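# Tertiary structure, described
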Amino acid sequence: MGKCPDCGQWDVFSEEAASGKLSGSRASSLSGALSGSISTAGPALLESIEMTDHKRLLTGMEELDRVLGGGLTPGSVALIGGDPGIGKSTIMLQALDGLSRKGLKTLYVSGEESPRQIRIRSERLFDTPPGLLVVSENSVEAILVMMENLKPDALVIDSIQTMFSADLTSAPGSVTQVRESTMRLMMAAKKTGAPMFLVGHVTKDGAIAGPRVMEHMVDTVLYFEGDGNHMFRILRAVKNRFGSTNEIGVFEMKGKGLVQVPNPSSIFISGRPENVPGSVVTASMGGSRPILVELQALVCASNLGTPRRTILGLDPNRVALLAAVMERKMGLALAGHDIFLNVTGGVKIDEPAADMGIVAAIASSFLDKPAPPGAAIFGEVGLTGEIRGVSRMERRIMEAKKMGFTQCLTPYGSHKRMGKIDGIKIIGVRNLAEAAEALF
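Sequence order as written defines residue numbering, which begins from 1 separately in each chain. pLDDT decides what is reported in this predicted model: residues at 70 or higher carry local features, side-chain atom pairs at 80 or more are listed and counted, and totals for whole chains, interfaces and linings draw on all residues regardless. Note that water and hydrogens are dropped before the side-chain values are worked out from all heavy atoms of the structure.

Per an unreviewed UniProt entry, the protein chain goes by DNA repair protein RadA and derives from uncultured Desulfobacteraceae bacterium. Comment text from UniProt for the protein chain, heading Sequence similarities (unreviewed entry), reads "Belongs to the RecA family. RadA subfamily." UniProt positions are given in the numbering used here, feature names are shortened, and annotations may be inferred rather than shown by experiment.

Right, here's the structure in full:
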């Protein structure tokens, strides 16, 4: 069968020899894995289960710890994916470096590099710490023996697609090998209590390569976003059993590796042109942290039968919806114009609070009038042109104030409930007509 009817991918089926019973080595390995991590006792009341020390391990990288929910949970398994060259191996090596400097024993298992190559890369990133063990190994059985003998406090498997089990005849990287390797390594992590990172390759569509069940087995799934054209990298959690999936971490790639960006707002709006039509600043929430980003719009007459809508960093369907609302409620003839919209810095925004910023940027470019200097704009726009309230208004406004903005254009309802904040002018608007009057 060429195409899988379940996941829709091509050439992912592999042939395996069927057997009525497991071989001796296979049965013993499976039995050992199961007995080590799944309780053999019967069901117990949840309230009667004893709570052992589950203090999280801090890697020393605040951005990574935030995305993980406050650090590494003992026995947890985190899967991190991203495009080639994005910095997956770099951030893993830096995380183990931070743990090693706290006196913990860490293990870096590479199936793609030799120990000498890892040493060469580490010399560029940091001074070699004590307690960081490295090995080049592809065999899952050998890795399990190392974990049993060395008892590391944390380890990294780079990458899971290069691992294989000798009990299976399929090649490394196949669906069967990836699933089996993930399962056995996960069982070992639960048994020993050592947190584990699995580095995963991604497909051309950006999804982690391998069976989807792999993402269901692990505790945390992280995606490293960005490309070679932008200096910033965004670490985002799409699954986290021990924390929020709304948190993001921002890193900057430099010669010494990945550097944390504790104040992303100052980076994303730096170099912003002043008094230029089409440029607007909005406040987006990256989990619990507000981030100011610049939206740039370019609206020009189209010579095509169907005007172009080129959108980067935003939902194209959302922008098309807002353009239709603007045309109907603000009287702007956008149907015959191309609309180009970009979020500077390579950031992706997916919350409705950016609606007002999108509308303001498009209207500013169409009317060829700049938005008021020192203004931050945010709020949700409805289909009838009303401006709806957004969450965490005060945190967004305080971030704008900290970055030197003098006024905020916000939904009237949220502004009325919140009251006055010293040092910044808050303008509440009910609909698009009031917003256009306040802006232009």
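Right, picking up where we left off after that structure.
## Structural notes on the packing of aromatic side chains
Pairs were defined over the aromatic rings of Phe, Tyr and Trp, the Trp ring being its six-membered one, requiring ring centres within 6.5 Å. Orientation was assigned from the angle between planes: stacked under 30 degrees, edge-to-face over 60, tilted for the rest. The tally for this structure, following the rule as stated, stands at two aromatic pairs. Residues phenylalanine 232 and phenylalanine 268 carry aromatic rings whose centres are separated by 5.3 Å and whose planes lie at 75° to one another, so their mutual orientation is edge-to-face. Of this pair, phenylalanine 232 sits in strand β7 (residues 232-240) while phenylalanine 268 sits in helix α8 (residues 264-268), and the two are 36 residues apart along the sequence. Between buried and exposed lies partly exposed: a residue is buried under 20% and exposed over 50% of the maximum accessible area for its type, with that area taken using a 1.4 Å probe on protein chains only. Residue classification places phenylalanine 268 among the buried residues on the basis of a relative accessible area of 4%. The criterion for a charge sitting over a ring is simple: Lys NZ or Arg CZ within 6 Å of the ring centre, and within 35 degrees of the ring normal. The ring of tyrosine 412 carries arginine 430 above its face, with NZ or CZ at 3.9 Å from the centroid. In DSSP terms, a helix is any run of H or I states spanning at least four residues, a strand is any run of E spanning at least two, and both are numbered starting from the N terminus.

## Some remarks on the side chain of serine 122
Note that serine 122 resides in helix α4 (residues 115-125). Residue contacts follow a heavy-atom distance rule, with two residues in contact if any of their heavy atoms lie within 4.5 Å. If near-sequence neighbours (up to four positions away) are discounted, serine 122 is found in contact with Leu93 and Thr128.

## Focus: the pairing of strand β10 (residues 279-286)
Counting buried positions over the eight residues of β10 gives eight, a clear majority of the element. By the alternation rule, side chains of β10 split into Ser279, Val281, Ala283 and Met285 and Val280, Thr282, Ser284 and Gly286, which are all buried. Two strands make a pair as long as DSSP finds a minimum of two bridges between them. Counting the residues that bridge the hairpin from β10 to strand β11 (residues 289-301) gives two residues, and of these glycine 287 lies at a positive phi of roughly 75°.

## Let's talk about the side chain of glutamate 294
Its location among the elements puts glutamate 294 in strand β11. Working convention for charge: Lys and Arg count positive, Asp and Glu count negative, and His plus the chain ends are omitted. A pairing counts as a salt bridge when a side-chain nitrogen of Lys or Arg comes within 4 Å of a carboxyl oxygen of Asp or Glu. Of the side chains bearing the opposite charge, arginine 272 lies closest to the buried glutamate 294, which forms no salt bridge; the N-O distance is 4.3 Å. Pairing of N or O atoms within 3.5 Å defines a polar contact, subject to two protein rules: one partner must be a possible hydrogen donor and the other a possible acceptor, and residues neighboring in sequence count only if both atoms are side-chain atoms. A polar contact is formed between the side chain of glutamate 294 and the side chain of serine 279, at a distance of 2.7 Å. In this structure the side chain of glutamate 294 is engaged in a polar contact, spanning 2.9 Å, whose partner is the side chain of glutamine 296. With residues near it in sequence (within four places) discarded, glutamate 294 still touches Phe268, Ile269, Arg272, Pro273, Ser279, Val280, Val281, Asn342, Val343 and Thr344.

## Examining the domain arrangement of the protein chain
Reported domain spans reflect what an automatic or database domain assignment gives. Segmenting the protein chain into domains produces domain 1 (54-262) and domain 2 (267-438). Each of domain 1 and domain 2 was reduced to a C-alpha centroid, and the two centroids are 37 Å apart. The interface of domain 1 with domain 2 comprises 13 residues on the first partner and ten residues on the second. Between domain 1 and domain 2 we count one salt bridge in total. Here arginine 289 makes a salt bridge to glutamate 63, at a shortest N to O gap of 3.1 Å.

## A few points about the UniProt feature "binding site: ATP" (unreviewed entry) in the protein chain
As annotated by UniProt and renumbered to match this structure, "binding site: ATP" (unreviewed entry) occupies Gly82, Asp83, Pro84, Gly85, Ile86, Gly87, Lys88 and Ser89. With respect to the secondary-structure elements, glycine 82 resides in strand β1 (residues 77-82). Apart from the residues within four sequence positions on either side, glycine 82 is in contact with Lys88, Gly200, Val202 and Phe224. If you trace the backbone, aspartate 83 turns up in the loop between β1 and α3 (88-100). You can call aspartate 83 partly exposed: its relative accessible area is 37%. Not counting the four nearest positions on each side in its chain, aspartate 83 is found in contact with Lys88, Val202, Phe224 and Gly226.

## Concerning the packing of helix α9 (residues 316-329) against helix α10 (residues 355-367)
The geometry of a pair of packed helices is captured by two quantities: the angle between their axes and the separation between those axes. At a closest axis distance of 10 Å, the pairing of α9 and α10 adopts a crossing angle of 60°. On the basis of the axis angle, α9 is oblique to α10. The handedness of the crossing between α9 and α10 comes out as right-handed. For the pair α9 and α10, contact is made by Arg318, Val319, Leu322 and Met326 and by Asp355, Ile358, Val359, Ile362 and Ala363, respectively. Think of each axis as a best-fit line through the C-alpha atoms, taken over the contacting stretch in the case of a helix, with angles from 0 to 180 degrees between the N-to-C directions. Every angle not falling under 35 degrees, over 145, or within 65 to 115 is termed oblique; those three ranges are roughly parallel, roughly antiparallel and roughly perpendicular. Each helix crossing is assigned a hand: it is left-handed if the near helix lies turned anticlockwise from the far helix by less than a right angle, otherwise right-handed if that turn is clockwise.

## Considerations on α9
Expected span of a helix: the number of residues minus one, times 1.5 Å. For α9, which comprises 14 residues, the first-to-last C-alpha distance of 20 Å matches the rise-based estimate of 20 Å (1.5 Å per residue) to within 8%. Every buried residue belonging to α9 is among Val319, Leu322, Ala323, Val325 and Met326, and all of these are buried. Projected down its long axis, α9 shows its buried positions confined to an angular sector of 165°, all on one face. Pointing more than 90 degrees away from the buried face of α9 are the exposed residues Asn317 and Arg328. The inward-facing, buried residues of α9 abut β12 (309-312), β13 (337-343), α10, β15 (380-381) and α13 (432-439). For α9, the side-chain oxygen to backbone nitrogen distance between the N-cap and asparagine 317 is 3.2 Å, and the N-cap itself is aspartate 315. Glycine 331 sits one or two residues past α9 and shows a positive phi near 75°. Comment: arc refers to directions from the helix axis out to C-beta atoms.

## Structural notes on the sheet that holds strand β4 (residues 154-158)
As summarised here, the arrangement of the nine strands in space is β3-β2-β4-β5-β1-β6-β7-β8-β9, forming an open sheet in which the pairing is mixed. Two strands lie at the open edges of the sheet, namely β3 (132-136) and β9 (257-260), each paired on one side alone. With strand direction ignored, the average angle separating the axes of adjacent strands in the sheet is 25°. Inspection of the sheet shows strand β6 (residues 220-225) paired to β7 by six bridges, in the antiparallel sense. Bridged to glutamate 225 within β7 is isoleucine 234. Strands in contact with α3 are β1, β2 (106-110), β3, β4, β5 (196-200), β6, β7, β8 (248-254) and β9; relative to β2, the strand with the most contacts, it is inclined by about 160°.

## Quick look at the packing of helix α5 (residues 140-150) against helix α6 (residues 175-192)
Interaxial distance between α5 and α6 falls to 10 Å at its minimum, and their mutual angle equals 5°. It follows from the interaxial angle that α5 and α6 lie roughly parallel. Between α5 and α6, the residues in contact are Val140, Glu141, Ile143, Leu144, Met147 and Glu148 and Ser181, Arg184, Leu185, Ala188, Ala189, Lys191 and Thr192, respectively. Think of it as three bins: nonpolar holds Ala, Val, Leu, Ile, Met, Phe, Trp, Tyr, Cys and Pro, charged holds Asp, Glu, Lys and Arg, and polar takes everything else, Gly as well. Of the residues in the contact of α5 with α6, the class split is seven nonpolar, two polar and four charged.

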